[in-house]
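# Remarks on the overall topology
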Protein chains: 2
Amino acid sequence: MESAIPAHLETPRTRHKRVPDDYQPPYPSFVARYKPAVSRVVMAYFGIQYHGEAPTAATGALKEIAGLFAGVGGPSHWDRAHYVDQAGRENIVSVAYWDDVARFDAWFAPAREAWTGRVREDLGTFIEVLRPAVARHETLFSSPDRPEGVAVIADGMSGEVQEHAYWGGMRDRIPLSQADAMAPGGAPELIRDGARLRVKGHDNLCLIRSGQDWSDTEPSERKLYLDDVEPVLREGMDFLRDDGLAIGCYANRYMRVLAADSVSEKSYGQSWWKSLAALERWAESHPTHVKIFGAAMKYLSTLGPSAKLRLYHEVTVAAADEQFFEYLNCHPKTGMLAAVETVGA
Amino acid sequence: MESAIPAHLETPRTRHKRVPDDYQPPYPSFVARYKPAVSRVVMAYFGIQYHGEAPTAATGALKEIAGLFAGVGGPSHWDRAHYVDQAGRENIVSVAYWDDVARFDAWFAPAREAWTGRVREDLGTFIEVLRPAVARHETLFSSPDRPEGVAVIADGMSGEVQEHAYWGGMRDRIPLSQADAMAPGGAPELIRDGARLRVKGHDNLCLIRSGQDWSDTEPSERKLYLDDVEPVLREGMDFLRDDGLAIGCYANRYMRVLAADSVSEKSYGQSWWKSLAALERWAESHPTHVKIFGAAMKYLSTLGPSAKLRLYHEVTVAAADEQFFEYLNCHPKTGMLAAVETVGA
């Protein structure tokens, strides 16, 4: 058993963990371990948005960003996913990860210009980037042998960690929690830069990517997941997408991961939150997530250790200067635009 | 909005609350307020135990304890409840509350001798007492107009309090949590005193009485409670009674409150725990309580503010010298006896 907080990020505590030192989680979980030399990671979401059939520009844009990713300074790993948003628009988001901010910065300046610097016909584009210090970030995996998202760029997985399977574990896994309440500071602001709309975030804004992978399930387990768990998860994701703002969820996307030529058996929810506390409150006590948690618990206690469903998440609580949000030709409720005053079309 | 911790019990903090200062609970709850002069409360459980039909001695014992309660120095309030335990024995427990330890002590010495000082034919008797400093104790009520249990002896109810409707609220309402992790110390020990068996508890042993009152519900709400919630609650109570020890629950009784001449529409779970942390873990993440929580949440969100079901609890984390457990002629898994090495019949 090891701490989710790596030794080199341990700091004197002014705040306590939520569990006693002799706490034993009831089942194993694992976290991504970066090389100690990694001080920051970068997670960058490059989206396209369109209505109905994909316009010609969509194919071009997807090829273009893949080409940029493959170029000098590109990410160590990226993946792509699709969802239909609350306005009925199709969105395809290519998510890329770096473990070297200098490399990212050099790569990003021209990539940004290419992506949100010119309007494409019938196509919106957007960029959402976090570049957190590693002390502002945590991950959690139900099994150690298939990293997803940011964990793919890590050095490897931990052994079994202590800080999980209780409410508050997410906070306790973030190294900054040792001495910081991570309270949110300020409100998001809209910045108009011609047709480009930027959102200036605020201190301790929070991002979660929470994933599901049922590709290894046998037919009976797959049916149980798709019939009993997935609809409840979808209902919760829809709630956050449509009504999340009142509880501090700025935006939510329930994404289906795209494989090379097809739709994969992987999904994830990606949501932006006013604070880690707001995310905690929803997860712990909102009826929509209590239902998700109950369905997942019933599923996992029915299947026991034979369950082949894989679950993971990554959570970041970002400083204001670690955030970047830019939207071009997107509808006014796209991503963090939904968190600021309504923008005219 | 006020703190559950009364002003005169505020101390410098070395430990943080689990929620930010601007946290707003999603619905109102209330706590009992004692006069500031009250430094300790006493909760004393006087039980009888028998097999099958009530023996003659049972009626006599119930009259006797009621008489003692009515005598000089007796409790400010008491109630009585019934349950069938894991050994199939009938148990009737008379629970009494004091807000003056000196008065209790003077009353208790002869009452104890009367209750567990002599064997009654075909009848077991037991006493379980806590006398906590008020800083080691908290209550919670869904409505402020019908106190139950220890709250009946309080000066009144608070206004709406902040520290509830999140996991960790129970701990945050206990004044001692401001600077103490309330970790358990030691293990319970059996002391044989002739036929009397005493259990010596340990520091920070925890008691919860968690009650339900459906007496005000209209037929449709009553049906919903009894059909959809009560069976799930009972299942969780049975789990704690039969299999709780492995997760730190020493004993659990799911009690039905007895009215003057009949069975009331009130129940409560009463359980002894190794620590507040063990109780927290069960409540937050054990499948049996997750089901209870899910059923209650579904019920309350279906009914909304029109729900007439009343819920309350009282929780104490007691110092070692605030505890007293004594059993005479009871089966060896009665109450805290279940927490110590098996005792020969």
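Remember, it's a predicted structure, so these values are computed and weren't measured experimentally.

Thresholds, definitions, all that
Residues numbered from 1 in each chain as written. Chains lettered and ligands numbered in written order. Predicted model: local features only at pLDDT ≥ 70, side-chain atom pairs only at ≥ 80, totals over all residues. Heavy atoms only, no water. Helix = DSSP H or I, 4+ residues; strand = E, 2+ residues; numbered from the N terminus. Buried < 20%, exposed > 50% of the residue type's maximum accessible area, 1.4 Å probe, protein only. Expected span 1.5 Å × (residues − 1). Contact = heavy atoms within 4.5 Å. Least-squares fit on C-alpha atoms with pLDDT ≥ 70 in both. Buried area = accessible area lost by both parts, 1.4 Å probe. Salt bridge = Lys/Arg side-chain N within 4 Å of Asp/Glu carboxyl O. Nonpolar A, V, L, I, M, F, W, Y, C, P; charged D, E, K, R; others polar. Pairing = 2+ DSSP bridges. Axes fitted to C-alpha atoms, helices over the stretch in contact; angles between N-to-C directions. Domains from an automatic or database assignment. Polar contact = N/O pair within 3.5 Å; in protein donor to acceptor, adjacent residues only side chain to side chain. Parallel < 35°, antiparallel > 145°, perpendicular 65-115°, else oblique. Left-handed = near helix turned anticlockwise from the far one by under 90°.

All names here are of chain B. A positive phi is found at Asp 122, a non-glycine position, where the angle reads about 60 degrees. Assignment of secondary structure puts Asp 122 in the loop between α2 (101-116) and β5 (124-130). Positive phi values are uncommon outside glycine, yet Met 182 reaches one of about 55 degrees. Among the secondary structure elements, Met 182 is positioned in the loop between α3 (169-173) and β8 (189-193). For Met 182, a relative accessible area of 1% puts it in the buried group.

Attention now goes to helix α6 (residues 287-303) of chain B. Here α6(B) spans 24 Å end to end across 17 residues, near enough to the 24 Å set by a 1.5 Å rise per residue. When α6(B) is considered as a whole, its buried residues turn out to be B:Thr288, B:His289, B:Val290, B:Ile292, B:Ala295, B:Met297, B:Tyr299 and B:Leu303. The inward-facing, buried residues of α6(B) abut α5 (276-285) and α6 (287-303) of chain A together with α4 (219-243) and α5 (276-285) of chain B. B:Gly304 lies just past α6(B) and shows a positive phi near 65 degrees.

This paragraph deals with the relation of the copies chain A and chain B. Screw-axis analysis of chain A against chain B gives a translation of 0.0 Å along the axis, an RMSD of 0.0 Å, and a rotation angle of 180 degrees. Look at the turn and shift together and you get a two-fold axis relating the two. A symmetric contact is evident, with 100% of the interface residues of chain A recurring at the interface of chain B.

Attention now moves to the interface of chain A and chain B. Counting from both sides, the interface comprises 22 residues of chain A and, opposite them, 23 residues of chain B. Summed over both sides, the interface of chain A with chain B buries roughly 1800 Å², with 58% coming from carbon and sulfur. The interface formed by chain A and chain B contains 4 salt bridges. The residue A:Glu280 makes a salt bridge to B:Arg18 at a minimum N-O spacing of 3.6 Å. Broken down by secondary-structure element, the contributors of at least two residues to the side of chain A that touches chain B are α5 and α6 of chain A. Split by residue class, the side of chain A that touches chain B holds 11 nonpolar, 6 polar and 5 charged.

Turning our eyes to something else, we now look at the sheet that holds strand β14 (residues 323-328) of chain A. Residue and element names in this part refer to chain A. Across the sheet, which stays open at both edges, the 12 strands sit in the order β6-β13-β10-β12-β11-β3-β4-β2-β5-β14-β9-β8 with antiparallel pairing between neighbours. Each edge of the sheet is formed by a strand with only one pairing partner; in this case those strands are β6 (137-141) and β8 (189-193). Across the sheet, the mean angle from the axis of one strand to that of its neighbour is 20 degrees, orientation sign disregarded. Helix α4 (residues 219-243) contacts β3 (77-84), β10 (205-213), β11 (249-258) and β12 (263-273) of the sheet and is inclined by roughly 145 degrees relative to β11.

Now for the domain arrangement of chain A. Residues and elements named next belong to chain A. For chain A, the assigned domains read domain 1 (30-38 + 134-185 + 202-321) and domain 2 (42-132 + 323-339). The partner domain 2 presents 29 residues to the 32 residues of domain 1 that form the contact. In total, domain 1 and domain 2 occlude about 2700 Å² of area from one another, counting both sides; carbon and sulfur atoms represent 63% of this. On the domain 1 side of the contact with domain 2, Ile 153, Arg 253 and Trp 272 bury the most area, a combined 24% of that side's loss. Summed over the shared surface of domain 1 and domain 2, the number is 2 salt bridges. With a closest N to O distance of 2.7 Å, Glu 128 and Arg 253 form a salt bridge. Linking domain 1 with domain 2 are 12 residue pairs in polar contact (both at pLDDT 80 or more), by the criterion used here. At the level of elements, β10, α4, β11, β12 and β13 (310-318) are the ones that each hand at least two residues to the side of domain 1 that touches domain 2. Counting residues per element, the side of domain 1 that touches domain 2 draws most heavily on β11, which supplies 8 residues.

Residue and element names in this part refer to chain B. At a minimum axis distance of 8 Å, the contact between α4 and α6 shows a crossing angle of 165 degrees. Relative to α6, α4 is oriented roughly antiparallel. Classified by chirality, the crossing of α6 by α4 is left-handed. Between α4 and α6, the residues in contact are Glu 221, Leu 224, Tyr 225, Asp 228, Val 229, Val 232, Leu 233, Glu 235, Gly 236 and Phe 239 and Thr 288, Lys 291, Ile 292, Ala 295, Tyr 299, Thr 302 and Leu 303, respectively. Considered class by class, the residues forming the contact of α4 with α6 number 10 nonpolar, 3 polar and 4 charged.

Here we take up the pattern of salt bridges. A complete count under the given rule lists 62 salt bridges over all chains for this structure. Of the charged contacts in the structure, one is a salt bridge between A:Arg241 and A:Asp242, with a shortest N-O distance of 2.9 Å. The exposure class assigned to A:Arg241 is partly exposed, which follows from its relative accessible area of 26%. Of the charged contacts in the structure, one is a salt bridge between B:Arg120 and B:Glu64, with a shortest N-O distance of 2.5 Å. Taken together, the residues B:Arg120 in the loop between α2 and β5 and B:Glu64 in helix α1 (residues 56-70) connect sequence positions 56 residues apart. For B:Arg120, a relative accessible area of 5% gives the class buried. A network of salt bridges, in which partner residues are shared, links A:Arg112, A:Glu113, A:Asp193, A:Arg196, A:Arg198 and A:Glu326.

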